[in-house]
Amino acid sequence: MQAVATTTLAILRGTTTDAYGDEQDTNTPRYTGIPASLIEQSRRVTTRDDPTPRIIRYAVARVPARTDVTDQDRVRDERTGAVYIVDAVSGMTNPAIEVDRRLDLRRTT
């Protein structure tokens, strides 16, 4: 991993159904102890229709190259307990080394 790890993550995957037949996410971790660099940032956004500035918060994580994580998985920061939904997984190609995977995250708790 090239990025400096600031925390460890647990990957939460899977669903179940409740008593009414509705689908619910499970909180059972599939993998734990994954080193990650997790950075939360904010950005001021305006649109033409609504010039009032809004603050948008988002998070980006970098994990080792072969980490089994996909879109719509959830990850839990094991240091703070915060849970995020993975919106996108990407990584640059490099013929010499395996590069970190980038996770675009949205906080749920």
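Okay, so let's go over this structure. Computed from a predicted model, the values in this text were never measured in an experiment. (Residues numbered from 1 in each chain as written. Predicted model: local features only at pLDDT ≥ 70, side-chain atom pairs only at ≥ 80, totals over all residues. Heavy atoms only, no water.)

### Side note on the overall build of the protein
Put simply, the rule reads: Counting from the N terminus, the helices are DSSP H or I runs at least four residues long and the strands are E runs at least two residues long. Accessibility here uses a 1.4 Å probe with only protein chains present; expressed as a share of the type maximum, an area under 20% marks a residue as buried, one over 50% as exposed, and anything in between as partly exposed. In what follows, residue pairs with any heavy atoms lying within 4.5 Å of each other are defined as contacts. Here, Shrake-Rupley sampling with a 1.4 Å probe gives the accessible areas, and only protein chains in the shown set may cover a residue. A residue counts as positive if it is Lys or Arg and as negative if it is Asp or Glu; His and the chain ends are not included. Think of each charge as sitting on NZ of Lys, CZ of Arg, CG of Asp or CD of Glu.
From N to C terminus, the protein includes 0 helices and 8 strands. Shown N-terminal to C-terminal, the secondary structure of the protein runs as helices and strands in the order β-β-β-β-β-β-β-β. Out of the 109 residues in the protein, the part that is buried amounts to 26%. The long-range share in the protein, meaning contacts at least 24 apart out of those at least 6 apart in sequence, stands at 53%. Entry remark: accessible area of the protein is about 7,400 Å², with carbon and sulfur atoms responsible for 48%. The distance from the centre of the 16 positive side-chain charges to the centre of the 16 negative ones in the protein is 6 Å.

### Some words on the pattern of salt bridges
Defined as follows: Should a side-chain nitrogen of Lys or Arg be within 4 Å of a carboxyl oxygen of Asp or Glu, the pair is scored as a salt bridge.
One pass over the full model with this rule turns up 8 salt bridges. Note that arginine 66 and glutamate 98 form a salt bridge whose closest N and O atoms lie 2.7 Å from each other. Pair noted here: arginine 66 is in the loop between β5 (54-63) and β6 (74-77) and glutamate 98 is in the loop between β7 (83-90) and β8 (101-107), with a separation of 32 residues, a long-range link. The class for glutamate 98 is partly exposed, based on a relative accessible area of 44%. One salt bridge connects aspartate 104 with arginine 102, and the closest N-O pair in it is separated by 2.8 Å. Of the residues examined, aspartate 104 reaches a relative accessible area of 24% and is grouped as partly exposed. Arginine 102 sits in the partly exposed class, given a relative accessible area of 29%.

### Structural notes on the side chain of serine 37
With respect to the helices and strands, serine 37 occurs in strand β4 (residues 29-45). Residue class for serine 37 comes out buried when judged on its relative accessible area of 10%. Serine 37 has contacts with Met1, Ala3, Val4, Ala5, Thr6, Val60, Ala61 and Arg62, leaving out every residue within four places of it along the chain.

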